[in-house]
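Geometric and topological summary
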Amino acid sequence: RIRSMFERFQILTVSSNFIEKLSDFNSCSFIAPQFKKIVTVNFIDKIRFYRSLFENNDFTQIQPGIDHIYLMLNSRNSLIKIGKSNNPSYRERTLQSQEPEIHLIAYWLAPANVEKQLHKEFTAKKIRGEWYKLGFAELEKIKVLMRVYDASN
């Protein structure tokens, strides 16, 4: 209904299904007759955007064999996995074998019990297993909570 209302006012609307079909491109151009020009819309790289929310996305610094708390993004449905592993990069690859759209977005050197604390904190946002539907406010909260754990130690 909202799209119909906008289109009555000659405002171009585009469905998310249409944008998904264009996901291999960096931008898309639309003819905008009300402005008498072609408008280019740049797409945001979802993985890069989520990683930019956190300061610790240099994944070459991961120290295998030490407990890490990590966040992974399923770029297909935007669910966030809160997990623990002694090698988050390897865990990412094992999950990608089941669903290739999963990407590591942040990690911290932290005790294993921190994972349970985060799970408890976001129980209301849990979708299934360790997967959560987290908005930017919740991601910012995680960022603040995890500041005490420096991933480069």
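Everything that follows concerns the structure shown earlier in this document.
**Thoughts on the overall build of the chain**
Scanning the chain from N- to C-terminus turns up 6 helices and 7 strands. When the helices and strands of the chain are placed in sequence order, the string is α-α-β-β-α-β-β-α-β-α-β-β-α. Sorting the 153 residues of the chain into buried and exposed places 35% on the buried side. Considering only contacts within the chain whose residues lie at least 6 apart along the sequence, 58% involve residues at least 24 apart.

**Re the pattern of salt bridges**
All chains considered together, the criterion is met by 7 salt bridges. We note a salt bridge from R48 to D45, for which the minimum N-O separation is 3.8 Å.

**Topic: the nonpolar core**
One finds L71, I80, I82, L118, L134, I142 and M146 to be the most contacted residues of the largest nonpolar core, which totals 20 residues. Among the secondary structure elements, those contributing two or more residues to this core are α3 (46-52), β3 (68-74), β4 (79-85), β5 (102-109), α5 (113-121) and α6 (136-145). Residues within four places of I142 in sequence aside, it is in contact with L71, I82, W108, L118, F122 and L134.

**Re α6**
Of all the residues in α6, the buried ones are E138, L139, I142 and K143. Taken around the axis of α6, the buried residues stretch over an arc of 145°, which confines them to a single face.

**Here's the deal with helix α4 (residues 88-96)**
Regarding α4, the residues found buried are P88, S89, E92 and L95. Down the axis, α4 shows its buried residues gathered within 125° of arc, on one side only. Close packing links the buried residues of α4 with α3, β3, β4 and β5.

**Looking at the sheet that holds strand β6 (residues 126-128)**
Read across the open sheet, the 5 strands follow the order β5-β3-β4-β7-β6; overall the sheet is antiparallel. Two strands close off the open sheet at either side, each with one partner strand: β5 and β6. The sheet contact formed by β3 and β5 spans 7 bridges and is antiparallel. For N74, the partnering residue across the bridge sits in β5 and is I102.

**Looking at the pairing of β3**
Most of β3 is tucked away: 7 of the 7 residues are buried. Burial along β3 is two-sided: H68, Y70, M72 and N74 facing one way and I69, L71 and L73 facing the other are all buried. Strand direction decides the pairing type here: β3 and β4, joined by 7 bridges, are antiparallel. Counted as the bridge partner of H68 is S85 from β4. Hairpin geometry of β3 and β4 is characterised by an intervening segment of 4 residues between the two adjacent antiparallel strands and by a positive phi of about 65° at S78.

**Details of the side chain of H68**
Locating H68 in the fold gives a position in strand β3. The class for H68 is buried, based on a relative accessible area of 0%. Side-chain polar atoms of H68 contact the backbone oxygen of I66, separated by 2.6 Å. In this structure H68 touches I62, Q63, G83, K84, S85, N86, P88, Y107, W108, L109 and A110, once residues within four positions along its chain are discounted.

Calculation notes
- Residues numbered from 1 in each chain as written.
- Predicted model: local features only at pLDDT ≥ 70, side-chain atom pairs only at ≥ 80, totals over all residues.
- Heavy atoms only, no water.
- Helix = DSSP H or I, 4+ residues; strand = E, 2+ residues; numbered from the N terminus.
- Buried < 20%, exposed > 50% of the residue type's maximum accessible area, 1.4 Å probe, protein only.
- Contact = heavy atoms within 4.5 Å.
- Salt bridge = Lys/Arg side-chain N within 4 Å of Asp/Glu carboxyl O.
- Core = buried A, V, L, I, M, F, W, Y, C linked by side-chain atoms within 4.5 Å.
- Arc of directions from axis to C-beta.
- Pairing = 2+ DSSP bridges.
- Polar contact = N/O pair within 3.5 Å; in protein donor to acceptor, adjacent residues only side chain to side chain.

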